[in-house]
Amino acid sequence: MDDKLIIFDTTLRDGEQAPGIALSPDDKVAIATQLAKLKVDVIEAGFAASSPGDFESVSRIAAEIHGPVIASLARTHPDDIDRAADALKRADRKRIHVFTSTSPIHMEQMLRMSPSEVLASAKEGVARAKRYVDDVEFSPQDATRSDPDFIVEICNAAVEAGATTINIPDTVGYAMPDDFVELLTKVFTDVRGGNDDIIISTHCHNDLGMAVANSLSAIAAGARQIEGAINGIGERAGNTSTEEVIMAITTRPDHFDVEIGADTTEIFETSRLVSSLTGYPIQYNKAVVGRNAFAHESGIHQHGVLRNRETYEIMDPLAVGQKSVIVLGKHSGRAAFADALAKLGISLSDDEFTRSFGRFKELADRKGEITEEGLRAIVAVETGTDTGDWTLTSIHVSGGSNETPVASIALERNGESLTSTAEGDGMVNATFVALQDAYAIPATLADYRVSPLTSGADAMANVNVIIMVGSSTYAGQGVSTDVVEGSARAMISALNKAAFAIATEGDDS
Ligand code: KIV
Ligand code: ZN
């Protein structure tokens, strides 16, 4: 038995049948180029007869992509087969994939043909395809809800007419691994038999979440081609995920006695490209390519992974073009916190470490993930090396009774300076606008109060403000003999708090 497992990717045909996806020929060529880098064996580029756009995509991929076999889907109709052959004519290696339906419900309701008519059309379709190409695949659609004896009969007829790949689709995702294996074993024995030139293939849909499991189970029954789509996209709940199959075979060579030629390091880029061109997001916890597939949050897991990646990772993230991520959050422990600081080149005394870790835990508890920038801000505050705060170095506000007030302010932080000028509908308002511009924080004033601290003409004014940034509120206080300057100081103290919160917790404005 041939030990090579053929990876047949149908992202550009069945994958594109997912609701709402419409890839242009340029998009399809870009994805096909990436699939060739991934080194899949067959790219099903489209269904040439289905639309002028699909015809153009198949022809361009046939002409421009070298390496994989390029396939086009076709019904058994002569026109479909001729269109597929025409679109594929410039391919180095080409395949026509002929299908018809074989389940009672499909034959009665969709084809409105008897089993013998379906049988005859399958023979004719495959024979016509064979006039154009050597490599013909035949699929009895809805095979898992078809009479297994009829599947064997029609597949044998397809082989006699020239088909070299017999693909068994679980079109509606109905199969379970054991009954799929039973059907595949029957097809392997009664159709392929000892004929090494025939490849038995699977094409599973994911309606019950079984697509990858069903496809992989068929390997033991002799299947040597698996059809799938990147990110598992496709009709309804989608298809077998090509990348999951590739990584299952790569990760469990003890279990699967087959070899594949895929370059696993291209998986992540292929997934990213398909997601961005189709507009279909990748679920965070998606196997292999989800953003959390190699992210560790709990303290125990982080501790393990920092000691030895393999404690919690069965695949090397680099092998799929991803990287391990230690997410600093409420479940992170001292080990992960210390590791993150070390990676930033920060070393702390025991006391500073304890205080920084305490503040980190308190913030993470409220806000979830803490970013690298947040970590730096926490450490800066706890070590007193940098309060992160801006201080007022000068303020000048002009404007008489008939003039529009204009405030010019200058701020300083660790030798860095910042200036801003703005108009407003009052001197205090102009000052607030200038400060908000300087911080680039869109705040609204929720409360503003001035109260005298001393009496007399040069009384000290105490100004309190409360600002809202997104859904968070920050209070500030400022004191000065000048109300405008006191207001500026109060606003600066509130904006400093907002800036620290945004740096450590993220912007919720
Ligand atoms: O799901 C299916 O049956 C198909 C066939 C056309 C192979 O996509
Ligand atoms: Zn399908």
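Calculation criteria
Residues numbered from 1 in each chain as written. Chains lettered and ligands numbered in written order. Predicted model: local features only at pLDDT ≥ 70, side-chain atom pairs only at ≥ 80, totals over all residues. Heavy atoms only, no water. Core = buried A, V, L, I, M, F, W, Y, C linked by side-chain atoms within 4.5 Å. Buried < 20%, exposed > 50% of the residue type's maximum accessible area, 1.4 Å probe, protein only. Contact = heavy atoms within 4.5 Å. Axes fitted to C-alpha atoms, helices over the stretch in contact; angles between N-to-C directions. Helix = DSSP H or I, 4+ residues; strand = E, 2+ residues; numbered from the N terminus. Parallel < 35°, antiparallel > 145°, perpendicular 65-115°, else oblique. Left-handed = near helix turned anticlockwise from the far one by under 90°. Nonpolar A, V, L, I, M, F, W, Y, C, P; charged D, E, K, R; others polar. Salt bridge = Lys/Arg side-chain N within 4 Å of Asp/Glu carboxyl O. Near = heavy atom within 4 Å. Polar contact = N/O pair within 3.5 Å; in protein donor to acceptor, adjacent residues only side chain to side chain. Expected span 1.5 Å × (residues − 1). Pairing = 2+ DSSP bridges.

Trainee: How should I be thinking about the nonpolar core in this particular structure?
Mentor: It is characteristic of soluble globular proteins that their nonpolar side chains tend to be buried jointly. In this structure, Ile96, Phe138, Ile166, Ile168 and Leu216 are the most contacted members of the largest nonpolar core, which totals 89 residues. Sequence-distant contacts of Ile166, defined by excluding residues within four places in its chain, comprise Phe138, Cys155, Ala158, Val159, Val187, Val191, Ile198, Ile199, Ile200 and Ser201. In terms of nonpolar packing, the next biggest core, distinct from the first, is built from 30 residues, Leu392, Val397, Ala443 and Met491 among them.

Trainee: Looking at this structure, I do not really get the packing of helix α1 (residues 25-38) against helix α10 (residues 267-278). What am I missing?
Mentor: Working note: a packed helix pair is described by the angle between its axes plus the distance between those axes. The interhelical angle for the contact between α1 and α10, taken along N-to-C directions, is 165 degrees, at an axis separation of 9 Å. As the angle between them shows, α1 and α10 are arranged roughly antiparallel. Crossing of α1 over α10 shows left-handed handedness. Every residue of α10 that contacts α1 at Asp27, Ala30, Ile31, Gln34, Leu35 and Leu38 is listed here: Ile267, Glu269, Thr270, Leu273, Val274 and Leu277. Tallied by class, the residues present in the contact of α1 with α10 amount to eight nonpolar, two polar and two charged.

Trainee: Would you mind showing me how to read the environment of Gly193 here?
Mentor: Following the sequence through the fold, Gly193 ends up in the loop between α7 (177-192) and β7 (199-204). For Gly193, a relative accessible area of 32% corresponds to the partly exposed category. With 244 residues separating them along the chain, Gly193 and Asp437 place their C-alpha atoms 77 Å apart.

Trainee: Sorry, what's going on with the pattern of salt bridges here?
Mentor: Any two side chains of opposite charge can pair, on the condition that their charged atoms come close. Enumeration according to the criterion identifies 31 salt bridges in this entry. The partner of Arg13 in a salt bridge is Glu44, and the shortest N-O contact between them spans 3.0 Å. Here Arg13, found in the loop between β1 (6-9) and α1, pairs with Glu44, found in strand β2 (residues 42-46); they are 31 residues apart in sequence, far enough to count as distant. Here Asp196 and Arg192 are joined by a salt bridge, their closest N and O atoms 3.2 Å apart. We classify Asp196 as exposed; its relative accessible area is 57%.

Trainee: Mind showing me how you'd approach the site of ligand 1 here?
Mentor: Looking at ligand 1, the residues that line it are Arg13, Asp14, His97, Phe99, Ser139, Gln141, Pro169, Thr171, His203 and His205. Thr171 is positioned such that a nitrogen or oxygen atom in its side chain is 2.6 Å from an oxygen atom of ligand 1. Those elements that place two or more of their residues in the shell around ligand 1 are β4 (94-101) and β5 (135-141). Of the residues contributing to the shell around ligand 1, the split by class is two nonpolar, six polar and two charged.

Trainee: Where do I start with helix α6 (residues 148-161) in this structure?
Mentor: Along an α-helix, a turn takes 3.6 residues, which lines up residues three or four apart on a common side. Given a rise of 1.5 Å per residue, 14 residues ought to cover 20 Å, and the 20 Å separating the end C-alpha atoms of α6 matches this to within 8%. Buried within α6 are the following residues: Phe150, Ile151, Val152, Ile154, Cys155, Ala157, Ala158, Val159 and Ala161. Among the structural elements, β4, α4 (104-111), α5 (115-132), β5, β6 (165-170) and α7 are those in contact with the buried residues of α6. A distance of 2.9 Å separates the backbone nitrogen of Asp149 from a side-chain oxygen at the start of α6, and that oxygen is part of Asp147. Downstream of α6 by a residue or two, Gly162 has a phi angle that is positive, lying close to 125 degrees.

Trainee: Mind showing me how you'd approach the sheet that holds strand β15 (residues 461-469) here?
Mentor: Two strands in a sheet stick together by hydrogen bonds in their backbones, pointing the same way (parallel) or opposite ways (antiparallel). The three strands lie next to each other as β14-β15-β16, forming an open sheet whose pairing is antiparallel. Of all strands in the sheet, those with a lone pairing partner are β14 (444-452) and β16 (472-480), marking the two edges. For this sheet, the mean angle separating the axes of adjacent strands, direction not counted, is 15 degrees.

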